[in-house]
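# Observations on the three-dimensional arrangement
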Amino acid sequence: VVLPTYVVVPLIRRQDKILVSLQKRSADDLHYASLLHPAGTVIRPSDTSLTAVYDRLMATELPGVEVKNGPVFVYAAHDTIARGREISLVHWLELADDDVRSDLFDVAALPSTVIQTDYPRIREAVAHFQAFNDG
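This report concerns the structure included in the present document. (Residues numbered from 1 in each chain as written. Predicted model: local features only at pLDDT ≥ 70, side-chain atom pairs only at ≥ 80, totals over all residues. Heavy atoms only, no water.)

## Digging into the environment of leucine 35
Applicable threshold: A run of H or I in DSSP becomes a helix once it reaches four residues, and a run of E becomes a strand once it reaches two; helices and strands are each numbered from the N terminus. By definition, residues are in contact when any of their heavy atoms lie within 4.5 Å.
Note that leucine 35 resides in the loop between β3 (23-24) and β4 (36-37). Note: C-alpha distance between leucine 35 and alanine 108 (73 residues apart in sequence) is 18 Å. Discounting residues that sit within four places of it in the chain, leucine 35 has contacts with Gln23, Lys24, Arg25, Thr113 and Ile115.

## Quick word on the packing of aromatic side chains
Formally: Stacked, tilted and edge-to-face are the three classes assigned to paired rings of Phe, Tyr and Trp, where Trp is represented by its six-membered ring and a pair needs centres within 6.5 Å; plane angles under 30 degrees give stacked, over 60 edge-to-face, the rest tilted. The classification of residues rests on relative accessible area computed with a 1.4 Å probe and restricted to protein chains. Under 20% of the type maximum is buried, over 50% is exposed, and intermediate values are partly exposed.
Summed over the entire model, instances satisfying the criterion amount to 3 aromatic pairs. Ring centres 6.3 Å apart and planes at 55 degrees place the aromatic pair tyrosine 6 and tyrosine 54 in the tilted group. Remark: tyrosine 54 occurs in helix α1 (residues 50-61) and tyrosine 6 occurs in strand β1 (residues 5-14); sequence separation between them is 48 residues. You can call tyrosine 6 buried: its relative accessible area is 4%. Measuring from ring centre to ring centre gives 5.1 Å for tryptophan 92 and phenylalanine 132, while their planes differ by 70 degrees; the resulting arrangement is edge-to-face. Of this pair, tryptophan 92 sits in strand β7 (residues 84-95) while phenylalanine 132 is found in helix α2 (residues 118-134), placing the two residues 40 residues apart along the sequence. By relative accessible area, tryptophan 92 is classed as buried at 0%. Clustering of aromatic rings is evident, with ring pairs tying together Trp92, Phe129 and Phe132.

Everything listed is a geometric property; what it means functionally is a separate question.
If you want it as structure tokens, here you go:
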């Protein structure tokens with residue numbers, strides 16, 4: 001059984017560019033060795049709320065990161081991944097720009113090493129982020 005996941009696409013706006021923070025999977029990851037992905041975690045049966053899931057995700061995947069805005073829900077993705085069918089609650093959040101992050105990538109030129117099912121999640125989050133900020 002593939003548990004549902006809570007995904008956040010961390011974004012930063014720098015001048016005319018939008019950058020995304022992507023995490024790198026370990027080299028010994030069973031399904032996605034060394035590939036890049038937005039922060040995410042499974043929603044466990046023991047989780048008491050989505051806020052608890054978000055707090056756990058931030059503590060483990062993005063510790064110490066300053067959030068400027070969000071999380072903002074974008075959509076529920078239903079995809080076939082390496083482990084089976086997955087439902088992911090996709091959100092974006094805007095990070096405070098500290099100018100020293102080494103995990104940032106221009107959303108207009110994402111690397112080929114992003115997990116395949118994460119490309120549309122990133123695109124949808126960016127489109128929602130732009131509409132939210134420009135609308």
